[in-house]
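A look at the structure
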Amino acid sequence: MSRTLQAPVTVAFDYTRSTGPVLGRFFTGLRDATVVGGRLSDGRVAVPPPEYDPISHQAVTEFVELPDTGTVTSWTWVSEPVAGQPFDRPFAYALITIDGADVPWLHAVDVSSSEEIETGMKVRVKWAEERTGAVTDLTFVPDSVGLDTPPPSGSSGSTSDPVSRIVTPVSLDYQYAASPEESSFFRGLAEGRILGQRCPKCQKVYVPPRGACPTDGVPTAEEIELSHVGTVTTFCVVNVPFLGQKIKPPYVSAYVLLDGADIALQHLILDIPADEVRMGMRVKAVWKPRDEWVTSIENISHFAPTDEPDADFDSYKHHL
Amino acid sequence: MRDVAVVGFAQRQMKDFDGSPSMAELLVPILAECYDQTGWSKKDIGFWCSGSSDYLAGRSFSFVSAIDAIGVLPPVNESHVEMDAAWALYEAWIKIQTGEVDTALVFGFGKASAGVLRRTLSMQLDPYTMTPLWPDTVSLAALQARLGLDAGLWDEAALAEVVNRSLTDAEKNEYAVRAGGSSVSELLARPMFADPLRKHDCAPVTDGAAAIVLAAGDRARDVRERPAWISGIAHSSDGLHLGTRDLTVSGSAERAAAAAGGTAGVQVAELHAPFSHQELVLRSALGLVGDVQVSPSGGALAANPMFSAGAVRIGEAAKRIWDGSADKVLGHATSGPALQQNLVCVMEAAENGRAK
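Thresholds, definitions, all that
Residues numbered from 1 in each chain as written. Chains lettered and ligands numbered in written order. Predicted model: local features only at pLDDT ≥ 70, side-chain atom pairs only at ≥ 80, totals over all residues. Heavy atoms only, no water. Phe/Tyr/Trp six-rings, centres within 6.5 Å; stacked < 30°, edge-to-face > 60°. Buried < 20%, exposed > 50% of the residue type's maximum accessible area, 1.4 Å probe, protein only. Helix = DSSP H or I, 4+ residues; strand = E, 2+ residues; numbered from the N terminus. Contact = heavy atoms within 4.5 Å. Buried area = accessible area lost by both parts, 1.4 Å probe. Salt bridge = Lys/Arg side-chain N within 4 Å of Asp/Glu carboxyl O. Polar contact = N/O pair within 3.5 Å; in protein donor to acceptor, adjacent residues only side chain to side chain. Nonpolar A, V, L, I, M, F, W, Y, C, P; charged D, E, K, R; others polar. Domains from an automatic or database assignment.

A closer look at the packing of aromatic side chains
Residue and element names in this part refer to chain A. The full count for this structure, using the stated rule, is 11 aromatic pairs over all chains. With centroids separated by 5.4 Å and ring planes inclined at 50°, the aromatic side chains of F87 and F91 adopt a geometry described as tilted. F87 sits in the buried class, given a relative accessible area of 12%. Residue classification places F91 among the buried residues on the basis of a relative accessible area of 0%. Each ring, one from W105 and one from F140, has its centre 5.8 Å from the other, and the planes form 90°; the classification is edge-to-face. Of this pair, W105 sits in strand β7 (residues 105–109) while F140 sits in strand β9 (residues 138–142), and the two are 35 residues apart along the sequence.

Structure below.
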């Protein structure tokens, strides 16, 4: 058995970004099949235009429309592409100096082997048929390659609004591992047990157990099996709907101090109207059917009232 | 200015770490080593500062769970940078200069193996014009390497010489992830990975953590016979856009070295060069000429733990002062694509204006 539990995790979000006047002008150009550069304080023309001049630090305000041809200034071969790159087969990234510009632009060149690209080679833009005003609206091909379709007819989209926002999706994949202490907790849940660990220095019982006690900076060690019954120390009523919500609001998310633990566990309180949940209320874990158990806190569906008398405030006030 | 020295250093560098990206369980023994070296407990630490990245860990506020390893109750004086721990060290050095504290413990950690590192690092690029193309760090370094090849500033044999020397030196480093020199001709016979770079030209994906202890004046003298006094420390950055800077030179490294008081008399320089040609760029920018010993630990080509590799360079350099084998050393850290940001820390056996 592996020392720790592991699972794949994808973290993804589509960022919407406002473009401002400089990048907005650049992206509007790309949408309309035109390469737009910016003139720097030393007279050089840069593609993409930077928002601020790298030398004078003044805003870039002068734009230049450029042809869609250029020269490879440097290149590399991507032998093992990763997700999100312009091609899912080997291709070249290159620094390309657009004709009439002085500063190279990083982009992708569609060639089938590293033999087909070299420094000084002429390349031209291959525009995407559907363009949104983003740097992904194009790739480059060798100038010698005939294009299947004629290039779009320049600034035909000038009647459209300028591009003021772009969406830049981010998606990152991880193999996520629990710590050895967390792994023990999750393996316990798969057996219907709630496991905590005791800090060897301060003797506090943590659930879930931790890689280090935040008071003493040492790993929790001695395993403690905890009661499935505990006390609500504090709670909140969720009234706000959000993406991915599984329960209809209003409902209660609470800290439950399991009998024998020194740290409360966060979980749901159901089987009782939200406005009747209170501090000190005694609750018990309600488990899903055994055949649905995995290594997850979701094996406990929620906590429900035990109908015992409420706990005295003094019994949990040190755990708030 | 107060006299501040590096007096403690512990590290781990490994191929992959079978545990949580919070890395608390890796930091606990490293911090214990720092206490062993100094004879201190956590009560002796005036300020804590860490370097790490949420993008590497794949979750937000990832440093919060890692600081459990410090023992943060009752609350401690603590800060964090989303940079290599070398920049956390810079912050801690300033904190000591303010006179508010006399000691600091700086640490960095990162589990690069949790994702696809060269892809994850695309998140540090311009999010409008670069990240949407997902140019990976290896490709960007390869574009930089070819610019120098085409300009005749270096050739492939020069890159292989850097690799061969690094991996030979790494044989003596117990933390090296990759070690074992061969020969320039054997290295040049290996296949291209990101033309013109071969895999050995690129730092290995490395998980790891490091911790460094700083102390001022008498607190430093209490710990070490020869503390590594920081005689100059500075950092600088080049622009975000790769196109608008000359990638074959490093203006920011040159400015940082000048601001740190220059490199004259440096005997050992630990450089954070994750790609072979970047060592050549840095040697030139930092003015390292003659018989300066470069990265005797094996450097980043032997192991490159994200967010602690720069701090490791400072720690490795400081050790050469402690053991008496050098009187003036340099630790360097880099961050960002193609050497965008650079930090230089010069350390000496002698305190400011006093005899050795």
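What to know about the interface of chain A and chain B
With 65 residues of chain A in contact, the opposing surface of chain B contributes 53 residues. Across the chain A/chain B interface, buried area totals approximately 4600 Å², and carbon plus sulfur atoms make up 59% of it. The largest per-residue losses of area from chain A upon contact with chain B belong to L106, Y174 and Y176 of chain A, which jointly make up 12% of the total buried on that side. Where chain A touches chain B, the interface holds three salt bridges. A salt bridge links D68 of chain B to R210 of chain A, with the shortest nitrogen-to-oxygen separation between them at 2.6 Å. Linking chain A with chain B are 24 residue pairs in polar contact (both at pLDDT 80 or more). Per-element accounting of the side of chain A that touches chain B gives the leading share, 11 residues, to strand β10 (residues 165–177) of chain A. A class-by-class count of the residues in the side of chain A that touches chain B yields 35 nonpolar, 22 polar and eight charged.

Focus on the domain arrangement of chain A
Residue and element names in this part refer to chain A. When the domains of chain A are assigned, the result is domain 1 (9–171), domain 2 (178–226) and domain 3 (229–320). Across the boundary between the two partners, domain 2 contributes 16 residues, which contact 16 residues of domain 3. Overall, the association of domain 2 and domain 3 removes approximately 1200 Å² of surface from exposure, summing both partners, and the carbon and sulfur fraction of that is 75%. For domain 2, the biggest contributors to the area lost against domain 3 are L189, I194 and V207; these three give 36% of the whole. Across the domain 2-domain 3 interface, the total number found is zero salt bridges. Counting only elements with at least two residues in the side of domain 2 that touches domain 3, the list comes to α2 (180–189) and β12 (205–206). Taken together, the residues of the side of domain 2 that touches domain 3 break down into 10 nonpolar, two polar and four charged.

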